[in-house]
Each structure stands twice: as C-alpha cells, then as structure tokens.
Amino acid sequence: MAKSKNCNAKKQSYISVPSQIINSISSSSLQSLLGSPKKKNSNRFIFGYNSCRSPSVWLFALFVFGLVGMLRLGWNVETLIPFSPYPCLQTQSNPHLGFASNIDKVGKKDFLIASNNGQPPRHSHSESEFWRQPDGMGYRPCLDFSTEYRRAGEAIVKDTSKYLLVVVSGGMNQQRNQIVDAVVTARILGAALVVPILQVNVIWGDESEFADIFDLAHFKRVLDDDVRILSSLPSTHIMTRPVEEKRTPLHVSPHWIRTRYLKRINREGVLLLRGLDSRLSKDLPPDLQKLRCKVAFQALRFAPPIIELGNKLAQRMQSKGPYLALHLRMEKDVWVRTGCLPGLNKEYDEIIHNERRRRPELLTAKSNMTYHERKLAGLCPLNAFEVTRLLKALGAPRSAKIYWAGGQPLGGKEALSPLTREFPHFYNKEDLALPGELDPFADKASFIAIDYIVSEKSDVFMPSHGGNMGHALQGHRAYAGHKKYITPNKRHMLPYFLNSSLPEAEFNRIIKELHHESLGQPELRTSKVGRDVTKYPIPECMCNNVLTHLI
C-alpha cells in the first residue's frame, strides 16, 4: 500500500502557537528565543545559576506556562489552525452529519458546523437569549375524563343503530379542524363515526383519502373508548339514504346538536354533515374539550411514510444546531384573499389588483377597508422585509438556521431576498430532500404535512400570518411543553416599522418589549371568550401542580 512521503518521513514535532501569544511578545524577545547562540554547560540536566538569571529563559518559561494553561482551560489547538500547513495533521470528519450526497445541493459551507468535540455549538449571550424556551410553569398534558363520561362511553361504542358521515373540505389543516369537530359531534349524538371523507382539493386536484394522510389504525385505536370509528357503513345501512345537513350555523352548542339531529338520526340511522368548519362552539363542557385535545394531539397522527420523511428533514436541520421554522404566507392567492399587497413593486401590485377585480368572491377580508387600513390593523401577512426586521430586532443571529414552510411566494426568489441576504442558512423541504424523496407527496396534502412535522420539531416557530397551520402548531407546541412560538404583534409593531427616524437600538428595544409575552408562554383559554382549546389547551387539557384535578 502506498504511503505518504510527507507523513511517513522522519517524524517531526510541531507546536501550534496561538497568535495572541505571538503578538504579545516583542520581535526582539522572539528573536532572542529562536536565535540565541548555544552556550556550553557543564550540567546538561539542571539549570545553573547563570541560566536562571537569563531573560531568555524566563521568557521561554512564561511562554510554556501560558501555553499549558490555555490547553488546560479547554483550548482546541486544531481550531487555531483552520488550514493546517501540515499534511499529516488532519481533522476527522463528523459521520453524524449524514446526507452527504445532498451537501453539494445545499452548500458545503452550511454543513461544516464546528462540533466542539461533540458538544453543541457555543452561542453568545444574545444568541442564547433568542433560542431560550419560555417558562412552561410545570404544565403537562392532563386528560382525566370524568367517571360519567367514561361510563357513557361504554354504551356509545357498543351502539350499532346510529352512524355519522362527514365530508370535510379545504386545506389539510382546515380538514384537521373539521375532523376534530366530527369526532366530538359523533360523541354528542352517541353515534358511530364513519372515517371522514376528504373533499377533492380544488387547487391541487388532490384526491387523497384519510388513510393517505393520517394513520387510520392509530386513529381508531386511540379513540376506541370514546367513539366507534368505522372504515365504511355496515351492510345493514349501506342502502339507507342519509339525512343530509348542509347549513349548520356557526358555533352551535351540544344542546343545539341534539335538538336538531338526534331525532332524525334515530329515525333514519344515518346522518350526513358537510361544512363543519367552525360550526361547533369553542366553549364546550370540560370532557368534550378534553376529547378535542385527544383527537387533535394524540389521535390525528400522520401516516408512517409522511412521518418518516418529515423526521428525516427535521434531523437534517437539527444536525446544524438549533433552528427556526417560519411559516411564510406570501403566495399569490393569500395576497388576493386578504386584500393586501406584497410590497415588491407596482407590477406585482397590479397583478393582485387585477386578480381581485376578476374574482371578487376570493376576498375574505372586510371589503370596506383600504389596503393601508388593513395593514395597520394587523390583517395583512408580513412580507420578507418585515419578517427579517422583526427577527433581527428579537435577537435572531445571522448564523441562525431557518426552515421556511409554505407555498412558492409571489415574486419567487426576489420576494425572499431580504431574508436570504440577512440569514444565508435558509432552507425548505426541496433544499433538504434527496433526489426523489419528495416525489410520492408532490401536489398532495401530504406535501403540507411534511412542513408541519419539520415546523413542529423546530426550536423556535414563527408564522408571518395567522391561519389554520399556525393555530394548529401553536396548540401542538403548547401541548408538547410550551416550545417557543413567536406571535408577531402586527397591529402594535407596524407603526414603528414606518418610523424611519427611530434609531435601530430603540426600535429593537420597543419590538422586544411588544413581544415579551408573545413567545409561547402558557395562556389560559378562558381568559378570552371564544378561544379554541386546540390552540390554548390550558386549563382543560393541561395542568400543573396547582390545577391538578381541579377541573
């Protein structure tokens, strides 16, 4: 086997001298250390009296003690030689970085993270502050159902006379919300729930079924004591024409559900409901609130192939240290629906105006408000410039690793350029995935599910706008122990964004103060009327030592 001539030649020893020490020694002293003529000494093993009086000896001793001291304090000599001139001195590669075949795609420099001998990367105080998690105050999941609820469940799961069919629509996270309410509605009626039917997505033409997105066996197993879940109607009811209800009012109570539907489902045996979005009241009895949490946080687990890929991408982000996940709402349809403008240039503003004039039914915001009024009211998504300035004010370091979730923004790379200039370590699932990994999920709801998983596992999460995914993740991260979740205080912060005379330091101080209590800390659902328990799981679904067993 061939051997390196340089590495196997006559062995030589090298001492790497930190530049700080070299700079602290004058050139004359250094010359005296390196070029002093040798003198004969009758005793080769001990210093004589004359040697002790030599300034060179004392300087050399001081140098040696300084070097040894720094090594004892944990200096890594190899890090002092980023490009070693010695071919025999090689830094071992880290086998745990994984996905080496994708390094060229994302950029080699992004993956060469200093490992500090296996320890997490060190951060400055300001950086550590950004990654610091909120105080969860000891809250933990606490789904203790009442004896009455459990006793009633024994009879409900045995009932074979009533069946509820539900058609859910919208995007994946909107469908999740409707599935949660479908389970609760079935429990209120004491009926078995046939696996919800997912309406074809009109944007993607996605024909995914429940089992393509969620783990059906797990869904049934978790809810086994609450509601009977069937894959299809039994043969005894397959020919039954269901009673169909298309117009359930908003925020109805369990009493309304029973009064409206119970007689009909008892008589016909099958009830079909459509459009359940926000139809069920947010203020339900404690046991039904707990059931909501059980469905949202435990039963609705993604299908194994989605979880596998989502976890892989999350691990690839985690291999670079802590990471921030952004949910950016900058797609063309978002600007159209919200009545807002992307803030790029007049050309893109005109595109949005034309689309809104052509399809006025898409506008979901208050039509009597101007764009500037919506903006100042906090009703518009943040654009990339605003997200960048907010993150910098909150202390996000330039070295922060960012995963961005969401569809392609209007304007493409130009729309994202303020973010990528300030935060170069900027990735989405296409950047992280190996060739072919995303192909089975393209143009399907499961594509969004991958974003959900990587975002849920991030150290910090921030949405640029509200919406179903942001709300779902807020509740999910709270239920997981109140992982940091930044809620942009758009209505109060935007006037300061418009004040160009405000010094940057003062701007940063104000922005931090505005978000002091918007970082994912525990919040009581009951502190405001109409809050969703799947977004604010305290007090019904989480408890600490103080509240245990009191609800």
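Residues numbered from 1 in each chain as written. Predicted model: local features only at pLDDT ≥ 70, side-chain atom pairs only at ≥ 80, totals over all residues. Heavy atoms only, no water.

Enquirer: How should I be thinking about the overall build of the protein in this particular structure?
Expert: Per the secondary structure count, the protein includes 25 helices and 13 strands. A total of 551 residues make up the protein; the buried ones form 45% of that total. Looking at the protein alone, contacts between residues at least 24 apart form 76% of all its contacts between residues at least 6 apart. When the accessible surface of the protein is summed, it comes to about 30,700 Å², and 54% of that surface belongs to carbon and sulfur atoms. (Helix = DSSP H or I, 4+ residues; strand = E, 2+ residues; numbered from the N terminus. Buried < 20%, exposed > 50% of the residue type's maximum accessible area, 1.4 Å probe, protein only. Contact = heavy atoms within 4.5 Å. Areas by Shrake-Rupley, 256 points an atom, 1.4 Å probe, with all protein chains shown as cover.)

Enquirer: Even after reading the chapter, I still don't get helix 22 (residues 445-456), so can you show me in this structure?
Expert: Think of an α-helix as 3.6 residues a turn; residues three or four steps apart then line up on the same face. A rise of 1.5 Å per residue sets the reference length of helix 22, with its twelve residues, at 16 Å; its end C-alpha atoms lie 17 Å apart and thus fit the reference within 8%. The element helix 22 is largely enclosed, with a buried count of eleven among its twelve residues. Within helix 22, the full set of buried residues consists of Ala 445, Ser 446, Phe 447, Ala 449, Ile 450, Asp 451, Tyr 452, Ile 453, Val 454, Ser 455 and Glu 456. (Expected span 1.5 Å × (residues − 1).)

Enquirer: Where do I start with the packing of aromatic side chains in this structure?
Expert: By the definition in use, this model includes eleven aromatic pairs. Centre to centre, the rings of Phe 214 and Phe 302 are 5.8 Å apart; their planes meet at 10°, and the pair counts as stacked. With Phe 214 in the loop between helix 11 (210-213) and helix 12 (216-222) and Phe 302 in the loop between helix 14 (286-299) and helix 15 (304-318), this pair connects stretches of sequence that are 88 residues apart. Ring geometry for Phe 497 and Phe 507: centres 5.2 Å apart, planes at 75°, overall edge-to-face. Placement of the pair is Phe 497 in helix 24 (residues 490-497) and Phe 507 in helix 25 (residues 504-514), with a sequence separation of ten residues. An aromatic cluster of at least three residues, connected via ring pairs, comprises Phe 210, Phe 214, Phe 219, Phe 302 and Tyr 452. Positioned above the aromatic ring of Tyr 427, the side-chain terminus of Lys 320 is 4.2 Å from the ring centre. Sitting over the face of the ring of Phe 497, Arg 389 holds its NZ or CZ atom 5.6 Å from the ring centroid. (Phe/Tyr/Trp six-rings, centres within 6.5 Å; stacked < 30°, edge-to-face > 60°. Lys NZ or Arg CZ within 6 Å of the ring centre and 35° of its normal.)

Enquirer: Mind showing me how you'd approach the confidence of the model for the protein here?
Expert: When pLDDT is low, close inspection of the predicted coordinates is not appropriate. Residues of the protein with pLDDT of at least 70 account for 75%, and the chain-wide mean is 81. This model gives residues 71-121 a pLDDT under 50, and the stretch forms 50 contacts once residues within four places in sequence are excluded. Contacts for the low-pLDDT stretch residues 547-551, under 50 throughout, to residues beyond four places or in other chains number seven contacts. (pLDDT = per-residue confidence, 0-100.)

Enquirer: How should the state of the cysteines be read in this particular structure?
Expert: Each disulfide is one covalent bond, formed between the sulfur atoms of two cysteines. Within the structure shown, the criterion is met by three disulfides. Disulfide partner of Cys 142: Cys 543, at an S-S distance of 2.3 Å. Its S-S torsion of about 90° marks the bond between Cys 142 and Cys 543 as right-handed, since a negative value means left-handed. With Cys 142 in the loop between strand 1 (140-141) and helix 9 (147-156) and Cys 543 in strand 13 (residues 542-543), the pair connects residues that are 401 residues apart, well separated along the chain. Residue classification places Cys 142 among the buried positions, given a relative accessible area of 10%. Given the relative accessible area of 1%, Cys 543 is considered buried. Here Cys 340 engages in a disulfide with Cys 380; their sulfurs sit 1.9 Å apart. (Disulfide = S-S within 2.5 Å.)

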